[in-house]
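# Coordinate analysis (summary)
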Amino acid sequence: DKVREFPFSEVKQIIEEEFKKPLNQIFPYFEKKPIASASVAQVHRARLVSGKEVAVKVQRPNIQELIDTDLDLLFLIAHTLEKRFPEIRKYNPINIIKEFALWTHRELDFLREAENAIRLKKANHNPKVRIPSVYMSYCSNRVLTLDFIHGEKLSTLIKNNRHNKAIVETYFFSILEQALLQGLFHADPHPGNIFIAKDGKLVYLDFGIVG
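Residues numbered from 1 in each chain as written. Predicted model: local features only at pLDDT ≥ 70, side-chain atom pairs only at ≥ 80, totals over all residues. Heavy atoms only, no water.

## Comments concerning the environment of N62
Assignment of secondary structure puts N62 in the loop between β4 (53-59) and α3 (63-84). C-alpha of N62 to C-alpha of Y204: the two residues are 142 residues apart in sequence and 27 Å apart in space. (Helix = DSSP H or I, 4+ residues; strand = E, 2+ residues; numbered from the N terminus.)

## So, the pattern of salt bridges
Scanning the model with the defined rule gives 12 salt bridges in all. We note a salt bridge from D206 to K57, for which the minimum N-O separation is 3.6 Å. In this pair, D206 sits in the segment after β9 (202-204) while K57 sits in strand β4, placing the two residues 149 residues apart along the sequence. In this structure D206 comes out as partly exposed when scored by relative accessible area, which is 22%. Taken together, the salt bridges that share partners define one network made up of E17, E18 and R142. (Salt bridge = Lys/Arg side-chain N within 4 Å of Asp/Glu carboxyl O. Buried < 20%, exposed > 50% of the residue type's maximum accessible area, 1.4 Å probe, protein only.)

## Points about helix α4 (residues 93-107)
With 15 residues, α4 extends 21 Å between its outermost C-alpha atoms, agreeing within 8% with the 21 Å of an ideal straight helix rising 1.5 Å per residue. Within α4 the residues assigned to the buried category are P93, I94, I97, A101 and T104. The buried residues of α4 occupy an angular sector of 95° when projected down its axis, which confines them to one face. Those residues of α4 that are buried lie in contact with α3. (Expected span 1.5 Å × (residues − 1). Arc of directions from axis to C-beta. Contact = heavy atoms within 4.5 Å.)

## So, the packing of aromatic side chains
Applying the stated rule across the entire model yields four aromatic pairs. Summarising the aromatic geometry, the rings of F8 and F30 are spaced 6.1 Å apart at their centres and angled 45° between planes, so their arrangement reads as tilted. Here F30 lies in strand β1 (residues 29-30) and F8 lies in helix α1 (residues 8-19), a separation of 22 residues in the sequence. Of the residues examined, F30 reaches a relative accessible area of 11% and is grouped as buried. With a centroid separation of 5.3 Å and 75° between ring planes, the pair formed by F172 and F173 is classed as edge-to-face. Relative accessible area serves as the criterion here: at 45%, F173 is assigned to the partly exposed category. Clustering of aromatic rings is evident, with ring pairs tying together F8, F27, F30 and Y138. Between K57 and the ring centre of F110, over which it is positioned, the NZ or CZ distance is 5.0 Å. In this arrangement the basic side chain of R106 is found over the ring face of W103, its NZ or CZ atom lying 4.7 Å from the centre. (Phe/Tyr/Trp six-rings, centres within 6.5 Å; stacked < 30°, edge-to-face > 60°. Lys NZ or Arg CZ within 6 Å of the ring centre and 35° of its normal.)

## What to know about the packing of α3 against α4
One can describe the packing of α3 onto α4 by two numbers: an axis separation of 8 Å at closest approach and a directional angle of 170°. Compared by their axis directions, α3 and α4 come out roughly antiparallel. Contacts from Q64, I67, D68, L71, L74, F75, A78, H79 and E82 of α3 reach α4 at P93, I94, I97, K98, F100, A101, T104 and H105. Taken together, the residues of the contact of α3 with α4 break down into 10 nonpolar, four polar and three charged. (Axes fitted to C-alpha atoms, helices over the stretch in contact; angles between N-to-C directions. Parallel < 35°, antiparallel > 145°, perpendicular 65-115°, else oblique. Nonpolar A, V, L, I, M, F, W, Y, C, P; charged D, E, K, R; others polar.)

## Side note on the nonpolar core
Residues L120, V134, L144, Y204 and F207 are the most contacted members of the largest nonpolar core, which totals 27 residues. A total of four residues in this core trace back to one element, the largest contributor, which is helix α5 (residues 110-123). Excluding its chain neighbours within four sequence positions, the residues that come into contact with F207 are E113, N116, A117, L120, I131, P132 and H186. Residues I14, I15, F19 and I26 belong to the second largest nonpolar core, which totals 15 residues. (Core = buried A, V, L, I, M, F, W, Y, C linked by side-chain atoms within 4.5 Å.)

Given below as structure tokens:
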């Protein structure tokens, strides 16, 4: 979430294209500088007309075309490996890239991600775990709006050696509950996608991939 950010002018253009309104009519307050910038999108702090503080995830310009180009290259490499090195065929590199392509394209649909978050929130009954609320009126294929979470990333706590047994157990058991009891689980739970809120609750972020 620390890669090169794209300009606010492009953020504004994307949001206005998606909602057919000027930015200030959608979000009366919108911070120009992103609070996080990742490979597919970047996140800005904003407020709704109601005054609710939210995090707005905006997809990078032309990311679909860039990813399709990368996938074409990966398919070419996989095909060449299978053709020239028969011993590699048993690992099915082409099928691996097909699976990767499927999930990568799904991650680019923010309406699907919004639905994933809503389903996970509805299924969650662990009082120590929080799934942010989604504001569907402010979501589109390229824009996702969620509760703004005040807290720290789990990766930051680990880096500074401030994580503890309680956090680890909450994380561990919540994944088991999701997978084995709820039948729906967050499938990209690396430490950068998990926040520890100020009230101590474990908060999952980024719902592009669920199992």
